[in-house]
Amino acid sequence: MKLGVNIDHIAVLREARKIADPNPLDALGIVKRAGADQITIHLREDRRHIHDQDAIDIIKHSPLPVNLECAMAPEILDIVCELQPHRVTLVPEKREEVTTEGGLNVLGDNEKLAQTIQRLQAYEIEVSLFIDPCLESVKAAKNLGAEWIEFHTGKYANIYAMLYGGLINTHHSISELELSRTKLTEMLEEELTNLRVLSCDAMEMELKVAAGHGLNYQNVKAIAEIETIEELNIGQSIIARSIWTGLEQAIIDMRTLLL
Ligand code: PXP
């Protein structure tokens, strides 16, 4: 299981003061030393954390492949094509959201998405689509020509949090808060089975499979045991723990759970 560390949250802290410290660039060597496999950053349209200069510097200096998450905004795609990160993960983006709330809509008319994928691939950038775990979306991602899919694990993370305690991570608010433990246990197992089956299906379609969102030190193990998932991208929980343990140890702790 490969680990991508999402370092946006370092820039979130910097932006709280609008100064130059802490600089996400300083994380690169530490992330590599701790045994992670990839740097992940999200260049949002509103540049609320990672700025263009961060993306330029990180892609230039990273000793690990960089996975750049972004929406299909023309201005962002122009920058991305110029920067040529190793991989681009296309995500949906809403200005008012705190974090990516759901998967990309890959169903229906997706001419624009198909063209975007082709454009990125022409620059020799691997393309991944961040999708909700459902079969139609996996098939659509394949038909669109993406090399990777990343399953949005927010629903899994939320059910886990409702069952075992912890923070609810995304918009999957649902009235499940009032559900019984038996029902929640069933739902968690269903969600895991869904991820297991779909990642097998995806692999048979020759798609590479990643997963992420809301994964933390409590809930990651069951996801890490799914052999057909090749990579996890994790941000919030690692950076949160790094306040107490330092970034290197926080990544080592997460790596240990993925073995
Ligand atoms: N993968 C994708 C595509 C994301 O958008 C995010 C959130 O930026 C993550 C992974 C990491 O999520 P988290 O910060 O909850 O670990």
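Source: prediction; values computed, not measured.

Asks: Quick question: what am I supposed to make of the environment of methionine 72 here?
Replies: Mapping methionine 72 onto the fold places it in the loop between strand E3 (66-70) and helix H4 (74-83). Separated by 20 residues in the primary sequence, methionine 72 and proline 92 place their C-alpha atoms 7.8 Å from one another. Filtering out sequence-adjacent residues up to four positions away, methionine 72 remains in contact with Leu77, Leu90, Lys112, Leu113 and Thr116.

Asks: Looking at this model, I keep getting lost on the packing of aromatic side chains. Mind explaining?
Replies: Any pair of aromatic rings gets described here by the distance separating the centres and the angle formed by the planes. Counted under the stated rule, the structure contains 2 aromatic pairs. When the ring of tyrosine 156 is compared with that of tyrosine 160, the centres are 6.1 Å apart and the planes differ by 50 degrees; the resulting orientation is tilted. With tyrosine 156 and tyrosine 160 both in helix H7 (residues 154-164) and 4 residues apart, this pair spans about one turn of that helix. In this structure tyrosine 160 comes out as buried when scored by relative accessible area, which is 17%. Where tyrosine 160 meets tyrosine 164, the ring centres are 4.7 Å apart and the plane angle is 50 degrees; that geometry is what we call tilted.

Asks: Before we go on, may I ask you to explain the packing of H7 against helix H8 (residues 181-204) in this structure?
Replies: Between two packed helices, both the angle of their axes relative to each other and the distance between the axes serve to describe the pair. At their nearest, the axes of H7 and H8 sit 9 Å apart, and the two run at 155 degrees to each other. When the axes of H7 and H8 are compared, the pair comes out roughly antiparallel. The crossing of H7 and H8 is left-handed. Every residue of H8 that contacts H7 at Lys155, Tyr156, Ile159, Tyr160, Met162, Leu163 and Tyr164 is listed here: Arg181, Leu184, Thr185, Met187, Leu188, Glu191, Leu192 and Leu195.

Asks: Is there a simple way to think about the side chain of serine 237 in this case?
Replies: Position of serine 237 among the secondary structure elements: in helix H10 (residues 236-245). Among the polar contacts listed, one links the side chain of serine 237 to the backbone oxygen of leucine 215, at a separation of 2.9 Å. The contacts of serine 237, once residues within four sequence positions are left out, are Leu215, Asn216, Tyr217 and Met254.

Asks: Can you help me understand the sheet that holds strand E5 (residues 126-131) in this one?
Replies: Paired through backbone hydrogen bonds, the strands of a sheet run either parallel or antiparallel to each other. Spatially, the 8 strands close up into a barrel ordered E1-E2-E3-E4-E5-E6-E7-E8, and their pairing is parallel. Between one strand and the next, the sheet's axes are offset by a mean angle of 25 degrees, whatever the strand orientation. One ladder, built from 4 bridges, connects E3 with strand E4 (residues 87-90); its direction is parallel. In the strand pairing of E4, cysteine 70 is matched with leucine 90. On top of the sheet, helix H3 (residues 52-61) reaches strand E2 (38-42) and E3; it is set at about 155 degrees to E3, its chief contact. Sitting on the sheet, H8 touches strand E6 (148-152) and strand E7 (208-212), and the angle it makes with E6 is about 170 degrees.

Asks: Looking at this model, I keep getting lost on the pairing of strand E8 (residues 231-234). Mind explaining?
Replies: In summary, the side chains of a regular strand alternate between the two faces of the sheet. Here E8 shows a buried face lined by Glu231 and Asn233 and a second buried face lined by Leu232 and Ile234. Across 3 bridges, E7 lies against E8 in parallel orientation. Bridging from a neighbouring strand, alanine 210 pairs with glutamate 231 of E8.

Asks: I tried to follow the site of the ligand on my own but got confused; where do I start?
Replies: Not every one of the 14 residues close to the ligand is listed here, only the nearest: Glu69, Glu150, Gly214, Gly235 and Gln236. Glycine 235 has a polar backbone atom sitting 2.8 Å from an oxygen atom of the ligand.

Calculation notes
- Residues numbered from 1 in each chain as written.
- Predicted model: local features only at pLDDT ≥ 70, side-chain atom pairs only at ≥ 80, totals over all residues.
- Heavy atoms only, no water.
- Helix = DSSP H or I, 4+ residues; strand = E, 2+ residues; numbered from the N terminus.
- Contact = heavy atoms within 4.5 Å.
- Phe/Tyr/Trp six-rings, centres within 6.5 Å; stacked < 30°, edge-to-face > 60°.
- Buried < 20%, exposed > 50% of the residue type's maximum accessible area, 1.4 Å probe, protein only.
- Axes fitted to C-alpha atoms, helices over the stretch in contact; angles between N-to-C directions.
- Parallel < 35°, antiparallel > 145°, perpendicular 65-115°, else oblique.
- Left-handed = near helix turned anticlockwise from the far one by under 90°.
- Polar contact = N/O pair within 3.5 Å; in protein donor to acceptor, adjacent residues only side chain to side chain.
- Pairing = 2+ DSSP bridges.
- Near = heavy atom within 4 Å.

Treat this as a map of the structure, not an account of what it does.
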